[in-house]
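Commentary on secondary and tertiary structure
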Amino acid sequence: MNEERHHEYEPQDVEPEAHEAKEEKPTYPSRSEWRPKQEEHVRHKPRPNIKPLLLGGVGGFLGAALFFVTVMLWDSPTSRFVTNELTRTEQAVTVTESDVTTAVLGAKTSVVSITNIQRAFTSDSQWEAGAGSGVIYKVEGNTAYIVTNFHVIEEADEINIAFSDGQIASATILGEDPLNDLAVAEVELPDNIDAKPIVLGDSTVLQAGETVMAIGNPLGVFSNSVTRGIVSGVERTVPVDTNSDGLMDYNAEVIQTDAAINPGNSGGALINVRGELVGINSMKIAEASVEGVGFSIPVNVALPVIDMLERDGKVTRAQLGVTIQEVIAVPGNVREEYGISFDQEDGVFVEEVTPGSPAEDAGLRVGDIITQIGDREIKRYVDLRDALYRDATVGDTITIEYLRRGETRETEATLTEAT
């Protein structure tokens, strides 16, 4: 540290003035009258340099502010991830109002309104039994192919298609699949109509938080209505009772969204910001306590079903050949008859075995409890459906684990086509 000289000064003799007061006021020399004492040197601390500290503090504040703004923008609901079709790399994309408008304009002419018309058996009277929506997924020549929900056209004697420009035409149902709640119809396009197939997207790359729009015919009145929301969840599983018997028949794989899906929206399109079809709107939890929970069938799940319905008029599925009941519902006297523990709650109880079926060939009997098929544990009826319809196809040989009077057994069955 450099040393600085510190000078002490001695005032020159100054003759004091006389005062009448008892106390004398001291007098001080002027600056020009000071003279230094050269003999003494005092080491003195230099003043600290605070410029680096100030600059560092300002830099830190600006850095923190920039980081905070970046995080806020990154988590903004107007940001999403999409998958580049060429590179398959995730990119952050900001969704603008222009993007949404462009996407909707490109898809609206592919969405139609559907009216379910039913007739009485004993008279010529007919009525509109319901209304929904549909999506044109293919056009060949002058024929348009439309996918919708099964429940939209269920028990219809005739269905009418209203296009986005208001023109109406009668359509023919090609196939239905109650289990997946899908149906396919074909219609001859009227002259001079602006109707085109929708662009098919890829539902497997959807991410929670991604912007989506639902297009449909809510309440059967407001055709081509659009609601906007986000993907709330992907690969959701929802138990479905297809025949209203109170028993869950199937675990439907769905996209969860908070875009409003009201009655009449069923069968309509769920699109992304590129205007691509990513889902077929299907169900909504209709409870006063639930808001913003809608479901859509992923397009990648729907396409194989659509192909089969268009080609064959039905969906080919495997069968085991048993009539079953959930063990938890088996009454006490039946439990005693077949030696089923009252503590046993999981599994499905075999009530009947179809003669000549894979189940009979495998040695299954009435009273057996199926507990596992392949790698899937069977606890409820819906688990058995999943094992047969999701995990296996016609001709597959499956391993079945079951209980007979409390004893664990294993067998194999080769599945046949369900009739």
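Everything numeric in this text was worked out from a predicted model, so none of it was measured.

Quick look at the sheet that holds strand β8 (residues 182–188)
With respect to topology, six strands assemble into a closed barrel ordered β3-β4-β5-β8-β7-β6, the strand pairing being antiparallel. Direction aside, neighbouring strands of the sheet carry axes that sit 40° apart on average. Two strands pair when backbone bridges link them, and strand β6 (residues 158–162) and strand β7 (residues 168–177) are joined in this way by four bridges, in the antiparallel orientation. By the bridge assignment for β7, Asn-160 is matched with Ser-170.

Digging into helix α2 (residues 97–107)
When we look at burial in α2, the residues that qualify are Val-100, Ala-103, Val-104 and Ala-107. Angular distribution of buried residues about the axis of α2 spans 95°; they occupy a single face of the element. The exposed set on the far side of α2, more than 90 degrees from its buried face, consists of Thr-102 and Leu-105. Those residues of α2 hidden inside the fold are in contact with β3 (111–119), β10 (211–216), β11 (225–240) and β13 (269–271).

Comments concerning the pairing of strand β19 (residues 369–373)
Counting buried positions along β19 yields four of five residues, so the element is predominantly enclosed. Examined bridge by bridge, β19 and strand β21 (residues 397–404) share four bridges and lie antiparallel to one another. Counterpart to Gln-372 in the pairing with β21 is Glu-401. Across two bridges, β19 lies against strand β20 (residues 376–377) in antiparallel orientation. Counted as the bridge partner of Gln-372 is Glu-377 from β20. Between the antiparallel neighbours β19 and β20 lie two residues, among them Gly-374 with a positive phi of about 60°.

Rules of the game
Residues numbered from 1 in each chain as written. Predicted model: local features only at pLDDT ≥ 70, side-chain atom pairs only at ≥ 80, totals over all residues. Heavy atoms only, no water. Pairing = 2+ DSSP bridges. Helix = DSSP H or I, 4+ residues; strand = E, 2+ residues; numbered from the N terminus. Axes fitted to C-alpha atoms, helices over the stretch in contact; angles between N-to-C directions. Buried < 20%, exposed > 50% of the residue type's maximum accessible area, 1.4 Å probe, protein only. Arc of directions from axis to C-beta. Contact = heavy atoms within 4.5 Å.

Everything listed is a geometric property; what it means functionally is a separate question.
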